Amino acid sequence: MKLFFAFFILSAFFPLLLFSQTIISHPPNNSVGAKPADSTLVPPTVCIIPQPNKLTLQTGDFTVNSKTVLVIPEKNAPVRKTARFFTNRLLKVDGTNIQIKDDHSPYPAKNVVLFQLKPDDVRGGKESEWYQLDVAADKITVVAGGEKGIFYAVQSLLQLLPPEVFSPNPLKRKAGWKIPCVSISDEPRFAYRGLHLDVGRHFFPPSFVKKYIDLIALHKMNTFHWHLTEDQGWRIEIKKYPKLTSVGSIRKETLIGKKSANPQYDGKPYGGFYTQQEIKDVVAYAKEKYVTIIPEIELPGHSLAALSAYPEYSCDPTKKYEAATTWGVFEDIFCPTDSTINFLKDVLTEVMDLFPGKYVHIGGDEAPKKAWKESAFVQDLIKREGLKDEHEVQTWLIKKMEAHINARGKRLIGWDEILEGGLSPDATVMSWRGVNGGIAAARQLHDVIMTPTTFVYLDYYQFDPAVEPLAIGGFLPLEKVYSYDPMPDSLTAEQAKHILGAQANLWTEYLTNGDMVEYMAYPRACALAEVAWSPLELKNYPDFKARLSVHLKRLKYLGVNYCDKEFNPVAAANK
């Protein structure tokens, strides 16, 4: 966890800076990318987040009703699931019952929605995410290079409908939904678009994780980084090592508030973990939303919970360990003995069997070397292996984990500390301590995911801490998230190819339930989604904010406890 990198800004003038309204009028010709004028905060006619590459609003509407027919490619099960996802939304909200037909069956020429695949398109292929969406008065046509593109087109199609379409309860309304005639040509700027959740400090049930994934998919993000192990709790069942959950998932109590000279604890045991069956269920759920899950198993640091269950994998097996009851960085870490390496390989094997994605995250951050400096075994290892210091011991250990991961056809990801002491070329780096780690990694031709604290750490305060719920520290308003460009301008064209994309991180020291997670994540995650998807030249904060004013209505119907202070400055100042 990136605890000590957080900073505090408590200036009393925050509300004056943050709560001024930004205003917008319709872009000329309703064509995306035009600069809005400053007049009033009037949402444009079409409010899609993230902003499509190219959007042209035309005259007229298409009316969706129970006579509408949706046509899909014959015998394409993934596209049929996406089609059913769309039709079920309308069926649930007002009873509109759209018939789905294969394209080899007779279908009407009008009042029809066509889903078409063009895998031979130059942008195409199975993993293609591009799509073309054309809405005319008598027909909607969706063309994509692959199933993912169809799915993302449906997200845009739903956002062309009134926000009420996301209502969780049936609505009494006249039949038929109007969709404005529009032409959209769209594809993502970055291949990797992620959102992270720490479940080690606080545990969140599978039902909430699925909701979190739903929101990732709604915003055309494609990766969920699941931080499953921590000093404060081990959250994933490993059948070969049952004490990881029977012991390591439980801490005896939890710190109340911030650390102080006289810390207070709640005196209540806290625990929770996911069974392997629950993991499989969530993975399958995410797959249907085209979200890949990256599991994270922390090593060699952030391992107190594991050591509380199996102290023999520490550098001092005679010591009593327990899952941490407070937050921070702890000196006890895994000791790189043969038995520890076998243990970690066993754990990673079971994890890789559960997660079909190509990446496995091994942490690698904030691992103090004091225990290694004091370990006769480690000092002998340094001499035996010809290593320079304890940092190279960590690299030596990580390379062994990487070889095990690669042998199973997968790739290793780690926080940018894994650059210290050298790194094998197949490893991917998550740059969190600013952008310099990512730049250095890209220059070495390592793949990089940009996730710097200063732009995408959603556990930071978003408004004046005096009026906000307790958070880790730091200050990250919505506009600063939106201002981020993951592509450093100092890289060559070849180096820039290794910037895969961006991810926002959410650590949960002070987030004890799903409502609190959502409050910190949204709407800032909406901004990150647009940063990672939309072309840089279309970025326009006033326009984004105007579209967001409508998008928040969708989130409200979806039961998201988003922060509304950006749009309610009086409440923000007085809360």
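Residues numbered from 1 in each chain as written. Predicted model: local features only at pLDDT ≥ 70, side-chain atom pairs only at ≥ 80, totals over all residues. Heavy atoms only, no water.

**Quick notes on the overall build of the protein**
Next up, step 1: When you go through the protein residue by residue, the secondary structure sums to 19 helices and 21 strands.
Next up, step 2: Principal axes of the C-alpha set define a box for the protein whose edges measure 80 × 55 × 50 Å.
Next up, step 3: Across the 575 residues that make up the protein, the buried fraction comes to 60%.
Next up, step 4: Sequence-distant contacts, at least 24 apart, represent 73% of the contacts inside the protein between residues at least 6 apart.
Next up, step 5: Split by element, the accessible area of the protein, about 22,200 Å² in all, is 54% carbon and sulfur.
Next up, step 6: Of the charged side chains in the protein, 67 are positive and 66 negative, and the gap between their average positions amounts to 6 Å. (Helix = DSSP H or I, 4+ residues; strand = E, 2+ residues; numbered from the N terminus. Buried < 20%, exposed > 50% of the residue type's maximum accessible area, 1.4 Å probe, protein only. Contact = heavy atoms within 4.5 Å. Areas by Shrake-Rupley, 256 points an atom, 1.4 Å probe, with all protein chains shown as cover. Lys, Arg positive; Asp, Glu negative; His and termini not counted. Charge placed at Lys NZ, Arg CZ, Asp CG, Glu CD.)

**Some thoughts on the pattern of salt bridges**
Next up, step 1: Under the definition given, this model contains 27 salt bridges.
Next up, step 2: Notably, a salt bridge pairs Lys252 with Glu322, separated by 3.5 Å at the nearest N-O pair. One end of the pair, Lys252, is in the loop between α5 (243-246) and β12 (255-256); the other, Glu322, is in the loop between α7 (304-309) and α8 (338-354), and 70 residues separate them in sequence.
Next up, step 3: When the shortest N-O distance is used, the salt bridge between Glu468 and Lys565 registers 2.1 Å. Taken together, the residues span a long stretch of sequence, with Glu468 in the loop between β19 (460-461) and β20 (473-475) and Lys565 in the loop between α18 (541-557) and α19 (569-574) at a distance of 97 residues. Take Glu468 and Lys565: they sit in the same class, and that class is buried.
Next up, step 4: Within the structure, one salt-bridge network assembled from shared partners comprises Asp198, Arg201, Glu230 and Glu509. (Salt bridge = Lys/Arg side-chain N within 4 Å of Asp/Glu carboxyl O.)

**Side note on the packing of aromatic side chains**
Next up, step 1: In this structure the tally under the stated criterion is 26 aromatic pairs.
Next up, step 2: Centroid distance Phe151 to Tyr152: 5.9 Å. Interplanar angle 70°. Geometry classified as edge-to-face. The pair Phe151 / Tyr152 is uniform in exposure class, with both members buried.
Next up, step 3: The rings of Phe203, Phe204, Phe208, Tyr212, Phe224, Trp226, Tyr274 and Phe355 are connected pair by pair, giving a single aromatic cluster.
Next up, step 4: Over the ring of Trp533 we find Lys220, and its NZ or CZ is 5.8 Å from the ring centre.
Next up, step 5: One residue, Lys480, lies across the ring of Phe455, its end atom 5.4 Å from the ring centre. (Phe/Tyr/Trp six-rings, centres within 6.5 Å; stacked < 30°, edge-to-face > 60°. Lys NZ or Arg CZ within 6 Å of the ring centre and 35° of its normal.)

**Re the sheet that holds strand β3 (residues 99-102)**
Next up, step 1: Taking strand neighbours across the sheet as the criterion, the seven strands line up as β1-β7-β5-β6-β4-β2-β3 in an open arrangement whose pairing is mixed. In the strand order of this sheet, the two ends are held by β1 (54-64) and β3, each with one partner. Averaged over all adjacent pairs, the angle separating strand axes in this sheet is 20°, with direction ignored.
Next up, step 2: In terms of strand pairing, strand β5 (residues 131-135) meets strand β7 (residues 177-186) through five bridges, oriented antiparallel. Paired with Gln132 across the two strands is Ser185, which belongs to β7.
Next up, step 3: Running at roughly 165° to strand β2 (residues 69-72), helix α2 (residues 77-94) makes contact with β1, β2, β3, β4 (112-117) and β7 of the sheet.
Next up, step 4: Across the face of the sheet, helix α3 (residues 147-160) comes into contact with β4, β5, β6 (139-144) and β7 while running at roughly 35° to β5. (Pairing = 2+ DSSP bridges. Axes fitted to C-alpha atoms, helices over the stretch in contact; angles between N-to-C directions.)

**Quick notes on the nonpolar core**
Next up, step 1: Within the largest apolar cluster, 173 residues are counted, with the highest numbers of intra-cluster contacts made by Phe115, Phe224, Trp226, Ile236, Phe355 and Tyr522.
Next up, step 2: Excluding residues within four positions of it along the chain, Tyr522 makes contact with Leu195, Leu215, Ile216, His219, Leu555, Val560, Tyr562 and Cys563. (Core = buried A, V, L, I, M, F, W, Y, C linked by side-chain atoms within 4.5 Å.)

**A look at the pairing of β7**
Next up, step 1: The buried fraction of β7 is high, at eight of 10 residues.
Next up, step 2: By the bridge criterion, eight bridges tie β1 to β7 in an arrangement that is antiparallel. Within β7, the position partnered with Val64 by the bridge is Trp177.

**Examining the packing of α2 against α3**
Next up, step 1: Contact geometry for α2 and α3: axes closest at 9 Å, N-to-C directions at 10°. In this view, α2 runs roughly parallel relative to α3, as classed from their interaxial angle. Contacts from Pro78, Val79, Thr82, Phe85, Phe86 and Arg89 in α2 reach Glu147, Ile150, Phe151, Val154, Gln155, Leu157 and Leu158 in α3.
Next up, step 2: Each residue belonging to the contact of α2 with α3 can be placed in one class, and the counts come to nine nonpolar, two polar and two charged. (Parallel < 35°, antiparallel > 145°, perpendicular 65-115°, else oblique. Nonpolar A, V, L, I, M, F, W, Y, C, P; charged D, E, K, R; others polar.)

**Overview of unusual backbone geometry**
Next up, step 1: Here the bond from Leu299 into Pro300 is cis, since omega is -5°, no more than 30 degrees from zero.
Next up, step 2: Note that Pro300 resides in the loop between β14 (292-299) and α7.
Next up, step 3: Note the cis peptide between Tyr522 and Pro523, where omega equals 15°.
Next up, step 4: Positive phi, normally seen in glycine, also occurs at Lys220, with a value near 60°.
Next up, step 5: Owing to a relative accessible area of 0%, Lys220 belongs among the buried residues under this scheme.
Next up, step 6: Positive phi values are uncommon outside glycine, yet Leu445 reaches one of about 65°.
Next up, step 7: Take Leu445: it is sitting in the loop between α12 (436-443) and β18 (448-450).

**Here we look at the confidence of the model for the protein**
Next up, step 1: Mean pLDDT over the protein stands at 91; residues scoring 70 or higher make up 91%.
Next up, step 2: Counting contacts from residues 3-40, a segment whose pLDDT is below 50, to residues more than four positions away or on other chains yields 98 contacts. (pLDDT = per-residue confidence, 0-100.)

**Overview of the sheet that holds strand β17 (residues 428-431)**
Next up, step 1: A barrel is described by the order of its strands in space; here eight strands give the closed sequence β8-β9-β14-β15-β16-β17-β18-β21, paired in parallel fashion. This sheet shows a mean twist of 30° between the axes of neighbouring strands, independent of strand direction.
Next up, step 2: Here strand β15 (residues 359-363) pairs with strand β16 (residues 411-415) via three bridges, running parallel. If you follow His361 over to β16, its bridge partner there is Ile413.

**Some points on α2**
Next up, step 1: Look at α2: 26 Å from first C-alpha to last across 18 residues, which is about the 26 Å you get at 1.5 Å a residue.
Next up, step 2: Among the residues of α2, Val79, Thr82, Ala83, Phe86, Thr87, Arg89, Leu90, Val93 and Asp94 are the ones counted as buried.
Next up, step 3: In the core, the buried residues of α2 are packed alongside β1, β2, β3, β4, α3 and β7.
Next up, step 4: Where α2 begins, one side-chain oxygen reaches toward the backbone nitrogen of Val79, 2.9 Å away; that side chain belongs to Asn76.
Next up, step 5: Gly95 lies just past α2 and shows a positive phi near 85°. (Expected span 1.5 Å × (residues − 1). Polar contact = N/O pair within 3.5 Å; in protein donor to acceptor, adjacent residues only side chain to side chain.)

**Quick look at α18**
Next up, step 1: Its 17 residues place the ends of α18 24 Å apart at the C-alpha level, agreeing with the 24 Å of an ideal helix rising 1.5 Å per residue.
Next up, step 2: At Ser549, α18 shows its largest kink, close to 35°.
Next up, step 3: Its side-chain oxygen at 3.1 Å from the backbone nitrogen of Asp543, Asn540 defines the N-terminal cap of α18.
Next up, step 4: Positive phi appears at Gly559, one or two residues downstream of α18, with a value of about 75°. (Bend = angle between axes of the 7 residues up to and from the residue.)

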